[in-house]
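Per-entry structural report
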Amino acid sequence: MARLQALIQGVLRALLWRALQALLCRHRALISAPRVRPSTWSWIWWLPKPLANRGNPRRSPDPHLHPHSHGYPHGDPALGAMHPGLRWHLDGRTLHKLPVHLGLLITELEHSFSDVASIVVWCVAVGISYVSVYDHQGIFKRNNSRLMEEILKRQELLGLDCSRYSVELAESNDKDGLVLNCGSAVQVLSPEDGKAGIVRAAQDFCQLVAQQQRRATDLNVDVFDDLLRSQGFPDPDLVLKFGSVDSTLGFPPWQIRLTEIISLPSHLNLNYEDFFSALCLYAASEPRLGK
Amino acid sequence: MSWIKEGELSLWERFCANIIKAGPVPKHIAFIMDGNRRYAKKCQVERQEGHSQGFNKLAETLRWCLNLGILEVTVYAFSIENFKRSKSEVDGLLDLARQKFSCLMEEQCFLNVCFAYTSRHEITNAVREMAWGVEQGLLEPSDVSESLLDKCLYSNHSPHPDILIRTSGEVRLSDFLLWQTSHSCLVFQPVLWPEYTFWNLCEAILQFQMNHGALQKARDMYAEERKRHQLERDQAAVTEQLLREGLQANADAQLRRTRLHKLSAKREERVQGFLQALELKRADWLALLGTAPA
């Protein structure tokens, strides 16, 4: 009798748990599209106010910022007539602060090269100097040249002035990078560049120690940081995480010690407004650095 | 558990805890207990009072964790960066910590307090230890691996945290457990730490449960990749070995297998020897700390 009771209780518990999970999944799906979440999901403090309007009177959700739209925005033919590249550049200038290095972290299983390329182009146009693209399966890294082609294609499609935005492929040692002539650089990362990168740097240092060129006590945080520095990229100020997985999934851990992590539901068909909203959110944040 | 706050869960809390336990339960949670100072400002009390409330909240949270079957908790109490605060605040915090943590030794669950800690220092220290191992002739540079680095961290006796929770709405890791949390569920909650509730904790665990499948899959995939890479490196080392001996690299599959096995067995021997020496070194250092004048 007692065993039967325990069995019934166990089944009820499991059913209630499944019901709760299903409810939360549904709730999460409802609140996560299409606006930016400054943290992972939390129904307790979800803010319905469009972030694009906050603190920035000029900004308003403008469908004509999308590169493939046509027509004029409400009330301002001048803005509508403006080249999107210039518009994005001006948008960047309106922000109180811009990340110097922005990381795109794709946690989704589906990967869209064209959508990621669009986001990279927006980053560069807005004035971000360094952009990294990361996914934990290494798909973008293995197809690095395809991504680079998409980026160049997008720039051509937008008719961005070639003399300003012409592209040079960076000298690649262990990473394939792209230096865009407007002063921005793009790199593609995978788990190989995360902990495995730290291990390689550690092995290199230990090799020097074995050859008696260095001593163990020579190693400090700054020395190790120099060993890890990649292609002159500074640490990312901001990582935009796409997808519903709440983890960095091996994104280079050393470099993200002070990085703001902002979540977006998906990189698939992401529009410029939502991307820019994330930048606005970043601009409003204040790093306190222990103080 | 004398100092962990007394008081069972309410009926409703116990009911919800039971439902949550139907799903996967985390074994180890890490907390960045942020928001003590903002709480003090909000309640118009001294910063010290904010930290004291924060500690009380920690005691309460540990109680909830025990009730939920979570037996290991790591907290970020004090970073090297925090020494940038005023002298009186730093002294106050150190006194509070000394007071409150003095009775920890007899407890059976594990509470890890990261005190004057940054992850970069921890990782660098682990690499320095391995370099020391090379200097001592205990290790070869090629023995350096992710799993060995893991064993040289301060947290080597703990599993990686399943969840990292940061309160107060900040969405940064702030140099806390960067290595250990690369596949953990990150939960950023806007509540200030002294106002943390049982429901906030449940929310975090539910989030972990929703991510559990995807994270497990990602972790397994990552582990497979690491194993494959290690095997490739070992194969390359065996090839080099055979060529050096003037033998054909592809000749005998059995010979290759034997060499491969011998290579990894020797490495394992070196690693064990190094880890034992490291353990002794640390024990000596701790003993020295204990005898140092106060």
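Residues numbered from 1 in each chain as written. Chains lettered and ligands numbered in written order. Predicted model: local features only at pLDDT ≥ 70, side-chain atom pairs only at ≥ 80, totals over all residues. Heavy atoms only, no water.

1. What to know about the confidence of the model for chain B
Quick note on the threshold: Think of pLDDT as the predictor's per-residue confidence, scored from 0 to 100. To qualify as a helix, a DSSP run of H or I must reach at least 4 residues; to qualify as a strand, a run of E must reach at least 2; elements of each kind are numbered from the N terminus.
Here chain B averages 87 in pLDDT, while 87% of its residues score no lower than 70. The least confident element of chain B is helix α4 (residues 87-101) of chain B, whose mean pLDDT is 66; the most confident is strand β5 (residues 185-188) of chain B, at 98.

2. Examining the environment of Val188 of chain A
Structurally, Val188 of chain A can be placed in strand β5 (residues 184-189). Sequence separation of Val188 of chain A and Met148 of chain A is 40 residues, and the distance between their C-alpha atoms is 9.5 Å.

3. Here's the deal with the interface of chain B and chain A
So the rule is basically this: Working rule for contacts: check all heavy atoms of both residues, and any pair within 4.5 Å makes them a contact. A 1.4 Å probe defines the accessible area here, and the buried area is the portion of it lost by two parts on being joined, summed over both. Salt bridges are defined as contacts in which a side-chain nitrogen from Lys or Arg sits within 4 Å of a carboxyl oxygen from Asp or Glu. Throughout this description, a polar contact denotes any pair of N or O atoms lying within 3.5 Å of each other; where both atoms belong to protein, one of them has to be capable of donating a hydrogen while the other can accept it, and for residues adjacent in sequence the pair is counted only when both atoms sit in side chains. Residues are grouped as follows: Ala, Val, Leu, Ile, Met, Phe, Trp, Tyr, Cys and Pro are nonpolar; Asp, Glu, Lys and Arg are charged; every other residue, Gly included, is polar.
Contact residues are listed per partner, giving 66 residues for chain B and 64 residues for chain A. Here chain B and chain A share an interface that buries about 5,600 Å² over both sides, 62% of which is from carbon and sulfur atoms. In terms of surface lost to chain A, no three residues of chain B exceed Arg120, Arg172 and Met210 of chain B, which account for 14% of the buried area on that side. On inspection of chain B and its partner chain A, the count reaches 6 salt bridges. For Arg120 of chain B, the salt bridge is made with Asp235 of chain A, and the minimal N-O distance between the two is 2.9 Å. Linking chain B with chain A are 24 residue pairs in polar contact (both at pLDDT 80 or more). Only α1 (11-20), α2 (36-43), α5 (119-135), α6 (146-152), β5 and α7 (198-244) of chain B provide two or more residues apiece to the side of chain B that touches chain A. Sort the elements by how many residues they give to the side of chain B that touches chain A and α7 of chain B lands first, with 15 residues. A breakdown of the residues in the side of chain B that touches chain A according to their chemical character gives 30 nonpolar, 19 polar and 17 charged.

4. Points about helix α3 (residues 84-94) of chain A
Going by this rule: Burial classes follow relative accessibility: with a 1.4 Å probe on protein chains only, a residue under 20% of its type's maximum area counts as buried, one over 50% as exposed, and anything between as partly exposed. Our arc is simply the arc of the directions from the helix axis toward the C-beta atoms.
When α3 of chain A is considered as a whole, its buried residues turn out to be Gly85, Arg87, Trp88, Asp91 and Gly92 of chain A. Along the axis of α3 of chain A, the buried positions cluster into a sector of 160°, meaning they face one direction only.

5. As for the nonpolar core
Rule in force here: By convention a nonpolar core is built from buried Ala, Val, Leu, Ile, Met, Phe, Trp, Tyr and Cys residues, the set being connected through side-chain atoms within 4.5 Å.
Judged by nonpolar contacts, the single largest core of 42 residues is most densely connected at Leu104, Val120, Leu240, Phe275 and Leu279 of chain A. Of the residues forming this core, the biggest block, 11 residues, is contributed by helix α4 (residues 113-126) of chain A. Ranked by size, the runner-up nonpolar core spans 36 residues in total, among them Leu62, Ile70, Cys185 and Phe198 of chain B.

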